[in-house]
Amino acid sequence: MRTMIIAGNWKMYKDLHETKELVTALKAAMPSLPGNVQSVLCPPYTSLALAGEMLKGSPFLLGAQNMSQHDEGAYTGEVSAKMLKATGCTFVILGHSERRQYFGETNELVNAKARKALAAGLRPIICVGETLAEREAGVMAQIITTQIKGVLAGISPHEMPNCVIAYEPVWAIGTGRTATPQQAQEVHQLIRKLIAQQYDWALAERITIQYGGSVKPDNAAEILAQNDVDGALVGGACLKADSFSAIIKAAQA
Ligand code: PGA
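Residues numbered from 1 in each chain as written. Predicted model: local features only at pLDDT ≥ 70, side-chain atom pairs only at ≥ 80, totals over all residues. Heavy atoms only, no water.

Caption draft 1: Geometry of the pattern of salt bridges. Applying the stated rule across the entire model yields 11 salt bridges. When the shortest N-O distance is used, the salt bridge between Glu130 and Arg135 registers 2.7 Å. For Asp230, the salt bridge identified is with Arg192, shortest N-O distance 2.8 Å. Of this pair, Asp230 sits in the loop between α10 (217-224) and β8 (231-234) while Arg192 sits in helix α8 (residues 181-198), placing them 38 residues apart in sequence. A single salt-bridge network, built from bridges that share partners, covers Arg2, Arg192, Glu205, Asp228 and Asp230. (Salt bridge = Lys/Arg side-chain N within 4 Å of Asp/Glu carboxyl O. Helix = DSSP H or I, 4+ residues; strand = E, 2+ residues; numbered from the N terminus.)

Here it is as structure tokens:
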């Protein structure tokens, strides 16, 4: 059975004080996690070191929301994989649709970042997903196929099990509009098939594929019950300890 991974993408919310409050509340709400579930908190860069310290000895893992494709150098404003690891990060979200939409990230760039993350020993959570216009034009499958091929290019079969894929339909992010469990399952199945074509079925069966887009306590169980849905990437509902812990509990097999 694949491990369920519930990740919280804090986006550009929570200063240091608020980080302390939320991490304290989450540790109190979830002193342990259900056996088949892992949970990753992804605060902004400025909160990583504090959260990393606070999470020591807790069941929560730490992740970042982005990183540079470079090792180091004159890249003002950028943060490297090595820097993330030093704060305690084991995961990094890459290619989120907001990074693609507002910061021009392409499949090629996301691929370069993913390869760098893997080489540094970080597990990338690589995001893919179609826009509403693409879904309505009937090209969802082509878009997902291009994205998966692009972001996974050159990643070896040996590295691949450390990758997590997040399917995040852009039309469901922050909109309150969720994909139906059937819509999510259909795309997750497609992604697993694409991974099998690029690698093999045994490897594809091991890969965690998360769903993201308006996951809330009241819809999480139904989405997570789908065969090929192995976790969630949660935005809005991860900013409060009660809603995020309710989603983690919904992941229990
Ligand atoms: P949302 O965000 O849960 O607020 O829709 C999900 C995401 O962007 O990862």
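Caption draft 2: Layout of the site of the ligand. Surrounding the ligand, one finds 13 residues, the nearest of these being Lys11, His96, Glu168, Gly174 and Ser214. Lys11 is positioned such that a nitrogen or oxygen atom in its side chain is 2.7 Å from an oxygen atom of the ligand. Gly235 places a polar main-chain atom, nitrogen or oxygen, 2.9 Å from an oxygen atom of the ligand. With the chains in place, 96% of the 280 Å² that the ligand exposes on its own is no longer accessible. In terms of residue class, the shell around the ligand is made up of 4 nonpolar, 7 polar and 2 charged. (Near = heavy atom within 4 Å. Polar contact = N/O pair within 3.5 Å; in protein donor to acceptor, adjacent residues only side chain to side chain. Areas by Shrake-Rupley, 256 points an atom, 1.4 Å probe, with all protein chains shown as cover. Nonpolar A, V, L, I, M, F, W, Y, C, P; charged D, E, K, R; others polar.)

Caption draft 3: Structural detail: the pairing of strand β4 (residues 89-94). Of all the 6 residues making up β4, 5 are buried; the element is thus mostly covered by neighbouring parts of the structure. As defined by bridge partners, strand β3 (residues 60-64) adjoins β4 across 3 bridges and the pair is classed as parallel. Paired with Leu62 across the strands is Cys89, a residue of β4. Handedness of the β3-helix α3 (residues 81-86)-β4 crossover: right-handed. The pairing of β4 with strand β5 (residues 123-128) spans 4 bridges and is parallel. In the sheet register, Leu94 faces β5, and the bridge partner there is Ile126. (Buried < 20%, exposed > 50% of the residue type's maximum accessible area, 1.4 Å probe, protein only. Pairing = 2+ DSSP bridges. Right-handed = clockwise from strand over helix to strand, strands pointing away.)

Caption draft 4: Up close: the packing of aromatic side chains. Here the structure, examined in full by the defined rule, presents 1 aromatic pair. In this structure, Arg99 packs its charged tip against the face of Phe103, placed 4.0 Å from the ring centre. (Phe/Tyr/Trp six-rings, centres within 6.5 Å; stacked < 30°, edge-to-face > 60°. Lys NZ or Arg CZ within 6 Å of the ring centre and 35° of its normal.)

Caption draft 5: Quick look at the nonpolar core. Ile6, Ile144, Leu152, Ile165, Ile191 and Ile195 are the most contacted members of the largest nonpolar core, which totals 72 residues. The dominant element in this core, judged by the number of residues it contributes, is α8, at 7 residues. (Core = buried A, V, L, I, M, F, W, Y, C linked by side-chain atoms within 4.5 Å.)

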